[in-house]
Every structure is written in structure tokens, then in C-alpha cells.
Amino acid sequence: MSIHSTAVIHEGAVIGADCEIGPYCVIGEHVALGGGCKLHSHVILDGHTEIGDENQIYPFASVGLRSQDLKWDGGTTWTRIGHRNTIREYTTIHSATGDGDATVIGDDNNFLAYSHVAHDCHIGNHVIMSNVGTLAGHVIVEDRAIIGGLAAIHQFCRVGTMAFIGGCSKVVQDAPPYMIIDGNPAGTRTLNKEGLKRNSVSEESQQALKQAYRMIFRGELSVKNAAEKAGAEFGGCTEVGNLVEFIRASERGIAC
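The text that follows walks through the structure, step by step, so that each part is easy to find.

Rules and cut-offs
- Residues numbered from 1 in each chain as written.
- Predicted model: local features only at pLDDT ≥ 70, side-chain atom pairs only at ≥ 80, totals over all residues.
- Heavy atoms only, no water.
- Helix = DSSP H or I, 4+ residues; strand = E, 2+ residues; numbered from the N terminus.
- Rg over C-alpha atoms; globule rule 2.2 N^0.38 Å.
- Buried < 20%, exposed > 50% of the residue type's maximum accessible area, 1.4 Å probe, protein only.
- Contact = heavy atoms within 4.5 Å.
- Areas by Shrake-Rupley, 256 points an atom, 1.4 Å probe, with all protein chains shown as cover.
- Axes fitted to C-alpha atoms, helices over the stretch in contact; angles between N-to-C directions.
- Parallel < 35°, antiparallel > 145°, perpendicular 65-115°, else oblique.
- Nonpolar A, V, L, I, M, F, W, Y, C, P; charged D, E, K, R; others polar.
- Left-handed = near helix turned anticlockwise from the far one by under 90°.
- Arc of directions from axis to C-beta.
- Expected span 1.5 Å × (residues − 1).
- Pairing = 2+ DSSP bridges.
- Core = buried A, V, L, I, M, F, W, Y, C linked by side-chain atoms within 4.5 Å.
- Salt bridge = Lys/Arg side-chain N within 4 Å of Asp/Glu carboxyl O.

## With respect to the overall build of the chain
Thinking step 1. The secondary structure content of the chain amounts to four helices and 28 strands.
Thinking step 2. For 256 residues, the compact-globule estimate of 2.2 N^0.38 gives 18 Å, and the C-alpha radius of gyration of the chain, at 20 Å, lies within 12% of that figure.
Thinking step 3. In terms of overall dimensions, the chain has a C-alpha envelope of 65 × 40 × 30 Å along the principal axes.
Thinking step 4. In the chain, buried positions account for 49% of the 256 residues.
Thinking step 5. Taking contacts inside the chain between residues at least 6 apart in sequence as the whole, the part at least 24 apart equals 29%.
Thinking step 6. When the accessible surface of the chain is split by element, carbon and sulfur atoms take 49% of a total near 11600 Å².

Have a look at this one:
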């Protein structure tokens, strides 16, 4: 373990083995930091915060501080982060609002500089948030989604797996999986072909998703009715099934 002499670490904090804690980092009383993490310098970890192994956190990032939500009225609120995440400069990740609730982040995510994760968000694995990407409260981001620079996601929205949110987009409804969502307000523009290839989705599934996209987002039926039709026609494709279930579960409506 390597801890710089200028770091301020509360005696109640738990620091895992083989961590590197750089100059002027501040770690609060209720923080538990896993093994092999590296805090480069000037990092603040506070609140009831649990961070897994092998995370890298860069200068001036702030993790676990109190929610900015005006409904916050005390209690114990959590921030829970998994393993092998990269949190770049000036990123802010806030704890939940309600007593006992948590902001939750999975594994192998990449938060670029100035990105913001608000209270009660749930982020899966292998997600990329580009510079100044912003999540409002209670946003769900599924595995392998990419959020472009300066994009903003409205509270209570969901971003589906392998969705790609274009830069500067304003997302006010659910962003469906496997699609490119772009604009202000954002709409579903086309299939995320490059993302599907990068994530080794089979050619057969890609073709089924292409047909489902045309049926749901370019046909004459409503999105939900078209999704049911696509599910019946391409029900053997796991990815189409995921898309249909995502649309069925939508409460804010689908960005289309």
C-alpha cells in the first residue's frame, strides 16, 4: 500500500491491500475501498460509500457525497461501485436520496472527464460515459451502453443495452437497446450496427434486429403494437426479445 503523506484518511475508513492513494486525497469515515485501487491525486471519497477492487480514480473526482436532490431529508444513503472502473477528472457520483437507498455502479465502466451520475442511478457493466455526459436522478443504464459527450438523460429514463446516445442529445424518454438515439429531443435513428459487431452479436441476430427496427420505428403501427408484432415474428432471437420486453416495460415512453 502506498499513501502519500498529504492524503487525509479518516481512521474509520477501510482501505484494501495494494492501494495507491496520491497527494491531497480525502477519504471519509464511512468509505470502504477495495484492493488494488489507485487514487491519482485530489480525489474525494465520502458518505457511505463502498468501492470494489482495481478502480482508478483521477484528480478532482468526487464520489459518494450527498445527493443534490432537494427532497433529501437525512438518513443513511449509499454509493456502491464495483470493480475495475475508470473515473476520470472532475467526475461526480452522488449518493442516493432516500434512507437506505443506493446509487449503484457495476464493473468495467469508463466515466470520462466531467461526467455526472446523480442520485439513485443504476449503471450496469462496460458502460462508457463520454465527457460531460449527465445522468439525472433514478436513471438506469444497461450493460455496454455508450453515452456521448454533453448528452443529458432525464430523470427516471432508461438506456438499453448496447444503445448509443449521440453527443449533445437531450434524452427525455427511454432509449431502446441496440439502437442509435440522437437529437434534441432525442429519437431512435437507426440500428447500432457498429456496437453490435463490437459486442459479437451474431449476423443472424443483427438481421433480425434490422427487420424489427424497421417494423417498430419506421412502420405505421404504434411502437408498442409494432413491438408485439416484431416479437411474434422474430421471437426466436434473444436480442429482439430483449427489445420487445424493454418497450413493454417502458413507463416514460420510447424515444422514437
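Having seen the model, we can carry on.
## A few points about the packing of helix H2 (residues 203-217) against helix H4 (residues 238-249)
Thinking step 1. At a minimum axis distance of 9 Å, the contact between H2 and H4 shows a crossing angle of 30°. Relative to H4, the element H2 is oriented roughly parallel. Side by side, H2 and H4 meet where Ser205, Ala208, Leu209, Ala212 and Ile216 of the first sit next to Glu239, Val240, Leu243 and Ile247 of the second.
Thinking step 2. For the contact of H2 with H4, the residue count by class is seven nonpolar, one polar and one charged.

## Considering the packing of helix H3 (residues 223-233) against H4
The relative placement of two packed helices is expressed as an angle between their axes plus a distance between the axes.
Thinking step 1. With their axes 9 Å apart at the nearest point, H3 and H4 run at an angle of 150° to one another. Classified by the angle between their axes, H3 and H4 sit roughly antiparallel to one another. Between H3 and H4 lies a crossing of left-handed hand. Of the residues in H4, those touching H3 at Val223, Lys224, Ala227, Glu228, Ala230 and Gly231 are Val240, Val244, Ile247 and Arg248.

## Section: H3
Thinking step 1. Regarding H3, the residues found buried are Val223, Ala226, Ala227, Ala230 and Gly231. Taken end-on, H3 shows its buried residues confined to a sector of 140°, consistent with a single buried face.
Thinking step 2. Where H3 is buried, its residues touch H2 and H4.

## Observations regarding H2
Thinking step 1. Over its 15 residues, H2 extends 21 Å from the first C-alpha to the last, a length consistent with the 21 Å expected when each residue adds 1.5 Å.
Thinking step 2. Considered for burial, the residues of H2 that qualify are Ser205, Gln206, Ala208, Leu209, Ala212, Tyr213, Met215, Ile216 and Phe217.
Thinking step 3. Each element contacted by the buried residues of H2 is listed here: strand E27 (179-183), strand E28 (186-191), helix H1 (193-198), H3 and H4.

## Description of the pairing of strand E11 (residues 62-65)
Thinking step 1. Note: strand E8 (residues 44-45) against E11, two bridges, orientation parallel. Note that in E11 the partner of Leu45 across the bridge is Val63.
Thinking step 2. The sheet contact formed by E11 and strand E14 (residues 92-94) spans three bridges and is parallel. Counted as the bridge partner of Val63 is Ile93 from E14.

## As for the sheet that holds strand E7 (residues 38-39)
Thinking step 1. The strand order E1-E4-E7-E10-E13-E16-E19-E22-E25-E27-E28 describes an open sheet built from 11 strands, whose pairing is mixed. Strands at the two margins of the open sheet, each flanked by one partner only, are strand E1 (2-3) and E28.
Thinking step 2. Pairing between E1 and strand E4 (residues 20-21): two bridges, direction parallel. Across the sheet, residue Ile3 finds its bridge partner in E4, namely Ile21.

## Some words on the nonpolar core
Thinking step 1. If you look at the biggest cluster of nonpolar residues, it comprises 68 residues, and the most contacted ones within it are Leu39, Leu45, Leu135 and Ile216.
Thinking step 2. At seven residues, H2 tops the list of elements feeding residues into this core.
Thinking step 3. Contact partners of Leu39, with chain neighbours within four places excluded, come to Glu20, Ile21, Gly22, Cys25, Ile27, Leu33, Leu45 and Ile57.

## Thoughts on the pattern of salt bridges
Thinking step 1. Scanning the model with the defined rule gives nine salt bridges in all.
Thinking step 2. Arg80 serves as the salt-bridge partner of Glu50, at 3.2 Å between the closest nitrogen and oxygen. Here Arg80 lies in strand E12 (residues 78-81) and Glu50 lies in strand E9 (residues 48-51), a separation of 30 residues in the sequence.
Thinking step 3. Since its relative accessible area comes to 34%, Glu50 is described here as partly exposed.
Thinking step 4. We note a salt bridge from Glu194 to Arg198, for which the minimum N-O separation is 3.5 Å.

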